[in-house]
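Structural features, examined
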Amino acid sequence: MDYERAKIYLEERGQQHLLKYYGELSEEERAQLLKDIENTNFSIIKKLNKTPKKIGKITPVNAVTVQDIKRRRLQFESVGLNMLHEGKVAAVLLAGGQGSRLGYDGPKGTFNIGVTRELSIFELQMNNIFSVVKKTGRYFHLFIMTSVQNNEETVQFFKDRKFFGYPNDLIHFFIQDVAPTCDFDGKIFLDRKNRVSLAPNGNGGWYSSLVNSGLARVMEHENIEWLNVYGVDNVLQKICDPSFIGATVLKQCRCGAKVVSKTCPEEKVGVMCNEDGKPTVLEYFEIPEHLKSKTRKGELVYRFGVTLNYLFNVHDLNLTLSGRLPYHLAEKAIPHMEDGERVVPNQPCGYKLETLIVDMVKFMDSCLAYEVEREKEFAPVKNLSGTDSVDTARELLAKNGITL
Ligand code: UTP
C-alpha cells in the first residue's frame, strides 16, 4: 500500500489520524507504518458494540459433582488414561496475557512463587504435567501460546531450564494474533509515530492463532482429537487430568469445563449455565441479580464457576473459526502517541479488543461441567496481594504439600 492509497483507505474508515506524523518519518519508518496499516483489521472496530448483549432463557446445568466423581473416579480415569496413552489428547497453555494486575515485569509464568527456593509458575505447571505422564507412561504434545511482547523471554526461559526435563520436540510455542487498540471513540491509537498500537486479541484467540501458526498440521499428523486448554494463572490445576477427560467422553459431551462451587453469590467468576438450551458461560456481571443468589436446598443454583480449564474437541473447534467470536471491549491504560509525545497513562484511556474463550463454549452442542475441589485445584494468581493473589496461592500450595 502506498501513501495515497492509505490516505483514501483510512479516510473511508475515519482513521486518517494514523498518518499524522507521516511527514516526519524516514523512508524506512514510512514503510513500516504503511505495512502496519495494511495488516490492521479495521473491520473489528467497525463492528464494535457498546450495548450490553441480550441474554436468552437461562437454566442451570447438571454438573458432575465432586461426590459423583469420587464414586466413578476409577471408571472415568481408565477411559482418560487410555486416550492419553493413545496420544489423542494434547494440552494448550494460554500464556499470551499481559498480566497487568500482577504488576510483574515479565511473562507471568516466569514469576517466582517460591519462598525459600526458585519455583516459577511454569515449573509448577510442568510438575503437574509430569504427575500425569507418570501414570500414562507417555508424554503428550504441549502447545504454548505466547504474545509478540513475551514470546522471546518465554521461549528463552524454557530453554535455559532445559524445558524442565520435558521432551522439547513435544513443546510447540506459537504467538497469539493481535488486534488494534483504540480510544473510547473508536479511533485507533498509534503506539509510536510509525507504529499502529496492537495488543494480543484475548484468550479466545488461541485456536485461530494456533491454526494461523501452522501447528494444526501437528494435530492432524498426530491424530490429536482433544485439546485441554488452561490458563497460566492457576498454579494448582491438573493438566490433562485423566478423570476429567474420561468423564467428558463417557458423558458424550463435545466439550468439558472444570468448575468450582462459588463461595458466595458475588464471587467474580464466570458461571456455567444453559442459555436457550445451549451451554454458555455468563460473566459475573452478566448474571441477573435474581438468579445470582437463587438457592435450592441451601445451595446456590448457579454456583458452578469456571476455572479456565477446558477440554475441546478439535473437530468442533473449527466452528469457532472465520471471525465468528465477538470482540469485547476491555477498558485499559494503553500507551499511545499524543501531541507528538508517547504517553503512558495509569488510568484507562481506551479499549483493548478481546475475544474470550468463554464464548467458544456457545458453539459446542454440549459442555460437561466437571466440579473440582477448589482447595485442591483452584489457586489463581491475578494480583500481588488480596484475593486471587500470590499470597492466597502460596497458602493453598503449602496446604497441598508443595514446598515453597
Ligand atoms: P486474564 O484474563 O487474567 O488476562 O487472562 P491477563 O492479560 O493475563 O491479566 P490482566 O487482566 O492484565 O491482569 C487469563 C488467561 O488468559 C491468557 C492469560 O495469559 C491467562 O492465562 N490470555 C489472556 C492470553 O493468553 N491472551 C490474551 O490476550 C489474554
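As a reminder, the structure under discussion sits directly above these lines.
Figured I'd write up the structure that's included with this text. (Residues numbered from 1 in each chain as written. Predicted model: local features only at pLDDT ≥ 70, side-chain atom pairs only at ≥ 80, totals over all residues. Heavy atoms only, no water.)

All right, on to the packing of helix α4 (residues 66–85) against helix α9 (residues 242–250) then. Between α4 and α9, the least distance of the axes is 6 Å, while the angle of their chain directions is 90 degrees. When the interaxial angle is binned, α4 and α9 end up roughly perpendicular. Across the interface between the two elements, Ile69, Arg73, Gln75, Phe76, Glu77, Val79, Gly80, Leu81, Met83 and Leu84 from α4 touch Pro242, Ser243, Ile245, Gly246, Ala247, Val249 and Leu250 from α9. Split by residue class, the contact of α4 with α9 holds 11 nonpolar, 4 polar and 2 charged. (Axes fitted to C-alpha atoms, helices over the stretch in contact; angles between N-to-C directions. Helix = DSSP H or I, 4+ residues; strand = E, 2+ residues; numbered from the N terminus. Parallel < 35°, antiparallel > 145°, perpendicular 65-115°, else oblique. Contact = heavy atoms within 4.5 Å. Nonpolar A, V, L, I, M, F, W, Y, C, P; charged D, E, K, R; others polar.)

With that out of the way, let us pick up the site of the ligand. In the vicinity of the ligand, 19 residues are found, and the nearest of them are Leu94, Gly96, Ser100, Val232 and Lys382. Within the backbone of Gly96, a nitrogen or oxygen atom sits 2.8 Å from an oxygen atom of the ligand. Gly97 is positioned such that a nitrogen or oxygen atom in its backbone is 3.0 Å from an oxygen atom of the ligand. With the chains in place, 88% of the 560 Å² that the ligand exposes on its own is no longer accessible. Its residues assigned to classes, the shell around the ligand comprises 6 nonpolar, 9 polar and 4 charged. (Near = heavy atom within 4 Å. Polar contact = N/O pair within 3.5 Å; in protein donor to acceptor, adjacent residues only side chain to side chain. Areas by Shrake-Rupley, 256 points an atom, 1.4 Å probe, with all protein chains shown as cover.)

Considering the arrangement of structural elements, one finds Glu377 in helix α13 (residues 374–377). Using a relative accessible area of 8% as the deciding quantity, one classes Glu377 as buried. Sequence-distant contacts of Glu377, that is, excluding residues within four places in its chain, are made with Asn234, Leu236, Gln237, Lys238, Asp241, Lys258 and Val372. (Buried < 20%, exposed > 50% of the residue type's maximum accessible area, 1.4 Å probe, protein only.)

With that settled, the discussion passes to helix α14 (residues 390–399). Those residues of α14 that fall on the buried side of the exposure criterion are Val390, Ala393, Leu396 and Leu397. For α14, the buried positions fall inside an angular range of 130 degrees around the axis, keeping them on one side. More than 90 degrees from the buried face of α14, the exposed residues found are Glu395 and Lys399. Elements in contact with the buried residues of α14: α5 (121–136) and α13. Sitting at the head of α14, Ser389 places a side-chain oxygen 3.2 Å from the backbone nitrogen of Asp391. (Arc of directions from axis to C-beta.)

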